Amino acid sequence: LWLSDAFRFRPAFVAEAAREYRATAERVNVARPGEAADRVNAWAARATEGLIPQVLSPRSVTPDTVVFITNALYFDGLWQTPFNGWSEEP
């Protein structure tokens, strides 16, 4: 969770998010869209081992932004039927 630094998380919420979901709750400066986007994108890159390097562009961060909710799921396993890429054909 990424909250505008104009707001504050309740400590009990941060503790429960960490305990129940292994989630982090951080504040970002939405007045600096590039920095905010860089922090969120760096998290996404780390969480996905570089497979998703960008989830947010600086243009999507505005002074009215209150919160970003992000999630990453990294599957490291073998498929019964291997995935061979996208196809436009049915």
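What comes next concerns the included structure. (Residues numbered from 1 in each chain as written. Predicted model: local features only at pLDDT ≥ 70, side-chain atom pairs only at ≥ 80, totals over all residues. Heavy atoms only, no water.)

1. Observations regarding the pattern of salt bridges
Per the stated rule, a full pass over the model turns up four salt bridges. When the shortest N-O distance is used, the salt bridge between Glu-20 and Arg-19 registers 3.6 Å. The class of Glu-20 is partly exposed, set by a relative accessible area of 48%. Put simply, Glu-26 and Arg-39 hold a salt bridge, and the shortest N to O gap is 2.5 Å. Of this pair, Glu-26 sits in strand β2 (residues 26-28) while Arg-39 sits in helix α2 (residues 33-47), placing them 13 residues apart in sequence. With a relative accessible area of 37%, Arg-39 lands in the partly exposed category. Residues joined in a network through salt bridges with shared partners are Glu-16, Arg-19 and Glu-20. (Salt bridge = Lys/Arg side-chain N within 4 Å of Asp/Glu carboxyl O. Buried < 20%, exposed > 50% of the residue type's maximum accessible area, 1.4 Å probe, protein only. Helix = DSSP H or I, 4+ residues; strand = E, 2+ residues; numbered from the N terminus.)

2. Here's the deal with the packing of aromatic side chains
For any pair of aromatic rings, the description consists of the separation of the ring centres together with the inter-plane angle of the planes. A complete count under the given rule lists two aromatic pairs for this structure. The interplanar angle of 75 degrees and the centroid separation of 6.5 Å between the aromatic rings of Trp-2 and Trp-43 together place this pair among those described as edge-to-face. Within this pair, whereas Trp-2 is found in strand β1 (residues 2-4), its partner Trp-43 is found in helix α2, the two being separated by 41 residues in sequence. With centroids separated by 5.9 Å and ring planes inclined at 10 degrees, the aromatic side chains of Phe-9 and Phe-13 adopt a geometry described as stacked. (Phe/Tyr/Trp six-rings, centres within 6.5 Å; stacked < 30°, edge-to-face > 60°.)

3. Some thoughts on unusual backbone geometry
The residue Arg-22 is not glycine, and still its phi comes out positive at about 55 degrees. The topology assignment puts Arg-22 in the loop between α1 (11-21) and β2. Take Arg-22: its relative accessible area is 78%, and that puts it in the exposed class.

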